[in-house]
Amino acid sequence: MKSRMTVLLLSLFVVLGLAACGNNESDTDTNETPAAAENSEKKMDDNKDKKAEGQEEQTEKVELKDEQIGLTMDEFKARFNEKAPSGGDVDFKMGDYSWRDRDKGLSTAGFDFSEDYVVTAMAKTGNEELKAVLLEVKGGDSTRQTAFDLIRAIMESSNPELTKEDIDGLMKDLNLTNPDGDGDDTVSQTARDGLKYLVNDESSHWLEFVVANETDTDFEAE
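Residues numbered from 1 in each chain as written. Predicted model: local features only at pLDDT ≥ 70, side-chain atom pairs only at ≥ 80, totals over all residues. Heavy atoms only, no water.

1. Structural notes on the packing of helix 2 (residues 73-83) against helix 3 (residues 144-158)
Taken N-terminus to C-terminus, the directions of helix 2 and helix 3 make an angle of 135°; their axes are 9 Å apart at the nearest point. Considering the angle they form, helix 2 stands oblique to helix 3. The chirality of how helix 2 crosses helix 3 is right-handed. Residues Phe-76, Arg-79, Phe-80 and Lys-83 of helix 2 form the contact with helix 3, whose own contacting residues are Leu-150, Ala-153, Ile-154, Glu-156, Ser-157 and Ser-158. Grouping the amino acids of the contact of helix 2 with helix 3 by side-chain chemistry returns five nonpolar, two polar and three charged. (Axes fitted to C-alpha atoms, helices over the stretch in contact; angles between N-to-C directions. Helix = DSSP H or I, 4+ residues; strand = E, 2+ residues; numbered from the N terminus. Parallel < 35°, antiparallel > 145°, perpendicular 65-115°, else oblique. Left-handed = near helix turned anticlockwise from the far one by under 90°. Contact = heavy atoms within 4.5 Å. Nonpolar A, V, L, I, M, F, W, Y, C, P; charged D, E, K, R; others polar.)

If you want it as structure tokens, here you go:
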């Protein structure tokens, strides 16, 4: 039986709240010695540094906690339209879209560029930020080079911090290095900067690619 990328049924989202804590500091005694004043200032600086470090760690957790990829549909669409392949027979520019409610609290917005190339964005219903972006290449008149170009465009649109060398490395990790060859009936997964990338590459020229949050267990390769 061929391996296929499985989208697991969604479990409940656990949303962690971060509470801001105040920091009350008492005035120093105006009669304290210079040495005591210096020690007091040093302690205050140390406390500020520790507080800043703690806030930075909390910020990192906030970015990952909701199993999102860190941008809205409109933000992804604008980036993708700048990076999408052009000059061929198919227009890969994303136009107007509408959300459709699905089961398990999900909504999707799809872009059918042709019968062979479909990109679907997924979000939790009522949430502006995307949960995942999926590409399906259905064979037919599709080309492997175009599939690779679309994957690279989705990678760069999802994370503009990626360099060309970074994307080359991710493509290598996913065994997507030969646009002139055939798929090898494998499912591959890699991750970088909090996002994970999964691909199901079949010899029949059917290919599925997903980008999601690295912590999102609703997308797994099996």
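There is more to say, and it comes next.
2. Regarding the pattern of salt bridges
Under the criterion given, the structure shown has ten salt bridges. Among the salt bridges present, the one from Asp-166 reaches Arg-192, with a minimum N-O distance of 2.9 Å. Here Asp-166, found in helix 4 (residues 164-173), pairs with Arg-192, found in strand 6 (residues 186-192); they are 26 residues apart in sequence, far enough to count as distant. Residue class for Arg-192 comes out partly exposed when judged on its relative accessible area of 33%. Each of Glu-67, Lys-131, Asp-216 and Asp-218 takes part in a single network of salt bridges with overlapping partners. (Salt bridge = Lys/Arg side-chain N within 4 Å of Asp/Glu carboxyl O. Buried < 20%, exposed > 50% of the residue type's maximum accessible area, 1.4 Å probe, protein only.)

3. Details of empty space enclosed by the protein
In total, this model carries two cavities of 30 Å³ or more according to the counting rule given. Quantified by volume, the largest cavity comes out at close to 50 Å³. Along its surface, the largest cavity is lined by Val-137, Ser-142, Thr-143, Arg-144, Ala-147, His-205 and Leu-207. (1 Å grid on protein atoms, 1.4 Å probe; cavity = no way out; pocket = protein on both sides within 12 Å on 5 of 7 lines; lining within 4 Å. Points joined across faces, edges and corners; volume = space filled by probe spheres on them.)

4. Re the confidence of the model for the protein chain
Taken as a whole, the protein chain shows an average pLDDT of 78; of its residues, 69% reach a score of 70 or greater. By mean pLDDT, the top-scoring element of the protein chain is helix 4 (97), and the lowest-scoring one is strand 1 (residues 6-7) (40). Per-residue pLDDT stays below 50 along residues 1-32; that stretch engages in 48 contacts with residues further than four places along the chain or on separate chains. (pLDDT = per-residue confidence, 0-100.)

5. Re the nonpolar core
Generally speaking, nonpolar side chains in soluble globular proteins are found buried as a group. In this structure, Phe-76, Phe-80, Ile-154, Met-155, Tyr-197 and Phe-209 are the most contacted members of the largest nonpolar core, which totals 38 residues. Every element with two or more residues in this core is listed here: helix 2, strand 3 (106-112), strand 4 (117-124), strand 5 (130-138), helix 3, helix 4, strand 7 (195-201) and strand 8 (206-213). For this core, the leading source of residues is helix 3, giving seven residues. Leaving out residues up to four positions away in the same chain, Phe-209 has contacts with Val-133, Leu-134, Leu-135, Ile-151, Ile-154, Met-155, Leu-174, Tyr-197, Leu-198 and Val-199. Of all hydrophobic cores here, the second largest spans eight residues; its members include Leu-106, Leu-134, Val-210 and Phe-219. (Core = buried A, V, L, I, M, F, W, Y, C linked by side-chain atoms within 4.5 Å.)

6. Structural notes on the sheet that holds strand 2 (residues 100-101)
Spatial strand order, 2-3-4-5-8-7-6: seven strands in an open sheet with antiparallel pairing. The two strands at the open ends of the sheet, each matched to only one other strand, are strand 2 and strand 6. Two elements, strand 4 and strand 5, share seven bridges in a ladder whose sense is antiparallel. In the sheet register, Ala-121 faces strand 5, and the bridge partner there is Val-133. On top of the sheet, helix 3 reaches strand 4, strand 5, strand 7 and strand 8; it is set at about 5° to strand 8, its chief contact. In this fold helix 4 packs onto strand 6 and strand 7, with an angle of close to 150° to the strand it touches most, strand 6. (Pairing = 2+ DSSP bridges.)

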